[in-house]
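The chain contents come next:
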Amino acid sequence: TRQETTKGAPEGGEASLTQGIPTIGEVPRLARLVEWVARVAELTRPAAIRYCDGSETEWHELVDLLVDKGCATRLAEDRFPNSIYVRTDPDDVARVEDQTFICSVREEDAGPLNNWMNPRAMKRIMRGLYEGCMEGRTMYVIPFCMGPLDAVDPKFGVEVTDSPYVVCSMRIMTRMGRPALDEMVQRDAAFVPCLHSVGLPLPPGTKDVTWPCDSQHVYISHFPEERTVWSYGSGYGGNSLLGKKCYALRIASVMARDEGWLAEHMLILKLTSPQGKTYHICAAFPSACGKTNLAMIRPTIPGWKAETIGDDIAWMRFGPDGRLYAVNPETGFFGVAPGTGDATNPNAMATIREGNSIFTNVALTDDGGVWWEGMTEQVPEHLMDWRGRSWTREYGPEGGRHTDKAAHPNSRFTTPTKQCPTLAEEFDSPRGVPIDIMIFGGRRENTIPLVNEAHDWQHGVFLGATCSSETTAAAVGMVGVVRRDPMAMRPFIGYHVGDYLEHWLKIGRTHDRSRLPRIFYVNWFLKDAQGRFLWPGFGDNSRVLKWMIDRLEGRVDAIQTPIGLLPKPEDIDVNGLDIDPATVRMVTRFVPHEWVDELPRIGQWFDFLGDKLPTELDEEYARLRSGVLKA
Ligand code: GTP
Ligand code: SPV
Ligand code: MN
């Protein structure tokens, strides 16, 4: 058996490999690509192979196909131009972390946060599943590039999939098709082969379903040494759009470790102060904890301007000036729909209204639009819910429960970044933007204050390493359980978490610290005893950003506490905000007894991470512990 290498494959002979399978589209002049495609076709036995060019014609053809097959509904053209609505199988609605594997050659290169399997064992299992799995379907070949095509070292990939929904989504989310392929061919560049199948073959005489999947046998497997992704059984989001979490985070984090850069689950924001000075901010929050919202923030304080660069993934490399520059490798937003409305995220709403979008698992209105909880204050009287059931405001879905939401909590919009009204001009810059501030955050109803500044890089890495958050609907499993989520990367680190934290510390040791971003830790989600949010969040988070800038500029002092540098309550600008000064004090304070409870949880977490945990982080923990116990 041949290896799935992407470099140095011999030329020629490829045509015979796909003999008998009709090919649509121009066959690329890249022998190792065509050969890999042929080998996949041999295994999966599709009815046809289609090389995608990424054109508008292709988009329309695939949208027509989805609509004709009943897999998608076209939305009202006047309000949602060129947009479709899709309902998934109810068992295929989120990332499946339990079935996500890092198949490194050595087990110790995967960590306690990864599921590990020997690569050969995994391939044996998955080859069995892939065998004939595309029967009766078209196999699409999608060349793509993560990040600008004119980057110094563009990162290419090719996704092979039997899902036209994935092709349409990849067209929004990545630079794909002809331009990516041409660049790849011209540079004779390597690519990451990404194999995807929904896992539902169509033998002659079988009828297709509207959302094919094999939810009982999902595998999302990564082969970090080979730099390959194999995904089977799910058509949803991070499970199937392999350029996103699989490549741009799990595989790229391994590349970044080897090449000295960072691939992170972070938004990228450009902020201009009333003085006209520009700052760039990266922020890592776990899934469904506010990245898209902060990336598109409309500041509620006068004179501040915010522009969007990225909402989910940041690739950061050091520039010749010793500063860290961030690039958004994606071209689309795959955003959480519930909670997104004109009151919370008007820029996301404006982006969607431009059209060219895909809505998945939201509700359908009677006049051919979409709706989800939190989109408007007014709840429509009647909807078709995300499962296709008739739903009324009063009674919920027929045959369901009154409390059932019309949209799935992890329902999403897929929409082009370029349509965002606050898009920064640097979005396409291959160099990226220099980062001044890095933020970690999570969703905690207590303990973690609104904002906390790290003493230095090492302490910042400690804050990131101990990040915790309540779980959300973005992944299959329990919702609302507090778990540690280092740098919001828990499900996305492609190697051992101990090595990952060491990589972060090493950056602090090997670079001019005065040029590194300052690190902060935030929590927008503190609650009162009645379970209401204490901080208004959304646009008002600009007030917290302002404090960070004030710190950078040396305009305000901070309060030294065992957990970090906290703001004096009066330094948080609450002008024009209807908030009680006592509440501001409450959200900005260090509460010793809560931290006495938190300490053993951090201790257990570090024990769980094991021997590879860098000693510097143990030292930081000891410092925190003695500080808290003295307080
Ligand atoms: P992924 O795409 O899964 O990585 O999520 P994300 O981090 O981009 O989260 P997103 O911005 O989509 O927000 C998720 C949910 O949190 C939405 O329902 C938002 O309305 C809500 N949310 C975002 N920011 C805030 C905030 O400042 N306060 C409160 N209370 N809720 C927020
Ligand atoms: C996340 O879960 O962090 C997402 C959605 O951004 S998905 O693409 O499904 O991973
Ligand atoms: Mn995400």
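Quick caveat, the model's predicted, so the values are computed rather than measured.

**A closer look at the pairing of strand β34 (residues 564–567)**
For strand β33 (residues 558–561) and β34, the ladder comprises four bridges, and the chain directions are antiparallel. From the neighbouring strand, I559 faces β34, where its bridge partner is L566. With antiparallel pairing between neighbouring strands as the criterion, β33 and β34 make up a hairpin whose turn holds two residues.

**What about unusual backbone geometry?**
Although it is not a glycine, A288 sits at a positive phi angle of roughly 60°. In this fold, A288 is placed in the loop between β15 (278–284) and α9 (291–295).

**Digging into the environment of M122**
Topologically, M122 is positioned in helix α4 (residues 119–130). Classification of M122 by relative accessible area gives buried; the value is 0%. It is 7.4 Å that separates the C-alpha atoms of M122 and C103, two residues lying 19 residues apart in sequence. Filtering out sequence-adjacent residues up to four positions away, M122 remains in contact with F101, C103, M117, Y219, S221 and F223.

**A short note on the sheet that holds strand β23 (residues 382–384)**
Ordered in space as β22-β21-β23-β24-β25, the five strands form an open sheet in which the pairing is antiparallel. For this open sheet the edge positions go to β22 (370–371) and β25 (396–397), each flanked by a neighbour on one side alone. In this structure, β23 lies alongside strand β24 (residues 390–392), joined through three bridges in antiparallel fashion. Of the residues in β24, the one forming a bridge with M384 is S390.

**Brief notes about the domain arrangement of the protein**
Put simply, an interface is often sized by how much accessible area is lost when its parts join up. Here the protein is partitioned into domain 1 (2–73 + 95–260), domain 2 (263–333 + 425–630) and domain 3 (336–416). The distance between the C-alpha centroids of domain 1 and domain 3 comes to 30 Å. Taken over both partners, the interface formed by domain 1 and domain 3 buries close to 710 Å², and the fraction arising from carbon and sulfur atoms is 68%. Looking only at domain 1, the three residues that lose the most surface to domain 3 are Y165, I172 and Y236, adding up to 66% of its buried area. Taken together, the links from domain 1 to domain 3 amount to two residue pairs in polar contact (both at pLDDT 80 or more). Partitioned by chemical class, the residues of the side of domain 1 that touches domain 3 number six nonpolar, two polar and no charged.

**Some remarks on the coordination of the manganese ion (ligand 3)**
The manganese ion (ligand 3) binds to the protein through K245 (NZ), H265 (NE2) and D312 (OD); the donor distances cover 2.1 to 2.6 Å. Here the manganese ion (ligand 3) binds six donor atoms, and the angle range of 63 to 173° at the metal identifies the geometry as irregular. All donor residues of the manganese ion (ligand 3) come from one chain, and their arrangement in sequence is K-x19-H-x46-D. Of this pair, K245 sits in helix α8 (residues 243–259) while D312 sits in the loop between β16 (305–310) and β17 (314–318), placing them 67 residues apart in sequence. Of the two residues, K245 and D312, neither departs from the other in class, the shared state being buried.

**Notes on the UniProt feature "binding site: Mn(2+)" (unreviewed entry) in the protein**
With numbering aligned to this structure, UniProt lists the feature "binding site: Mn(2+)" (unreviewed entry) at K245, H265 and D312. The greatest C-alpha distance among the annotated residues, which extend across 68 residues, is 9.4 Å, indicating that they converge on a single site. Along the chain, H265 turns up in the loop between β13 (262–264) and β14 (267–272). The buried category is assigned to H265, whose relative accessible area is 1%. Among residues more than four places away in sequence, those in contact with H265 are K245, L249, A283, A284, F285, P286, S287, K291, D312, A488, M489 and F492. A distance of 3.1 Å separates the side chain of H265 from the side chain of D312, its partner in a polar contact. Residues in contact with D312, not counting those within four places in the same chain, are K244, K245, E264, H265, M266, L267, K291 and E330. For D312, the side chain forms a polar contact with the side chain of K245, separated by 3.0 Å.

**Structural notes on the site of ligand 1**
Neighbouring ligand 1 are 22 residues; A288, K291, T292, N293 and R412 lie closest to it. Within the contact set of ligand 1, an oxygen atom lies 2.7 Å away from a side-chain nitrogen or oxygen of R412. For ligand 1, the protein covers 92% of the area, taking 660 Å² as the surface of the free molecule. For the shell around ligand 1, the secondary structure elements donating two or more residues are α9 and β19 (332–336). Of the residues forming the shell around ligand 1, the biggest block, three residues, is contributed by α9. In the shell around ligand 1, the residues fall into ten nonpolar, eight polar and four charged. Residue contributions to the shell around ligand 1 reach at least three from each of two domains, namely domain 2 (263–333 + 425–630) and domain 3 (336–416).

**A few points about the site of ligand 2**
The environment of ligand 2 is formed by R95, G237, G238, K244, K245, H265, S287, D312, F334, R412, A474 and F492. Contact distances for ligand 2 include 2.9 Å between an oxygen atom and a side-chain N or O atom of R95. G238 is positioned such that a nitrogen or oxygen atom in its backbone is 2.8 Å from an oxygen atom of ligand 2. The fraction of the free accessible surface of ligand 2 (280 Å²) that becomes covered by protein chains is 98%. By residue class, the composition of the shell around ligand 2 is three nonpolar, four polar and five charged.

What counts and what doesn't
- Residues numbered from 1 in each chain as written.
- Chains lettered and ligands numbered in written order.
- Predicted model: local features only at pLDDT ≥ 70, side-chain atom pairs only at ≥ 80, totals over all residues.
- Heavy atoms only, no water.
- Pairing = 2+ DSSP bridges.
- Helix = DSSP H or I, 4+ residues; strand = E, 2+ residues; numbered from the N terminus.
- Buried < 20%, exposed > 50% of the residue type's maximum accessible area, 1.4 Å probe, protein only.
- Contact = heavy atoms within 4.5 Å.
- Domains from an automatic or database assignment.
- Buried area = accessible area lost by both parts, 1.4 Å probe.
- Polar contact = N/O pair within 3.5 Å; in protein donor to acceptor, adjacent residues only side chain to side chain.
- Nonpolar A, V, L, I, M, F, W, Y, C, P; charged D, E, K, R; others polar.
- Donors = N, O, S within 2.8 Å, 3.2 Å for Na, K, Ca; no water.
- Tetrahedral: all angles 85-135°; square planar, octahedral: opposite > 155°, others 65-115°.
- UniProt positions renumbered as here; feature names shortened; annotations may be inferred.
- Near = heavy atom within 4 Å.
- Areas by Shrake-Rupley, 256 points an atom, 1.4 Å probe, with all protein chains shown as cover.

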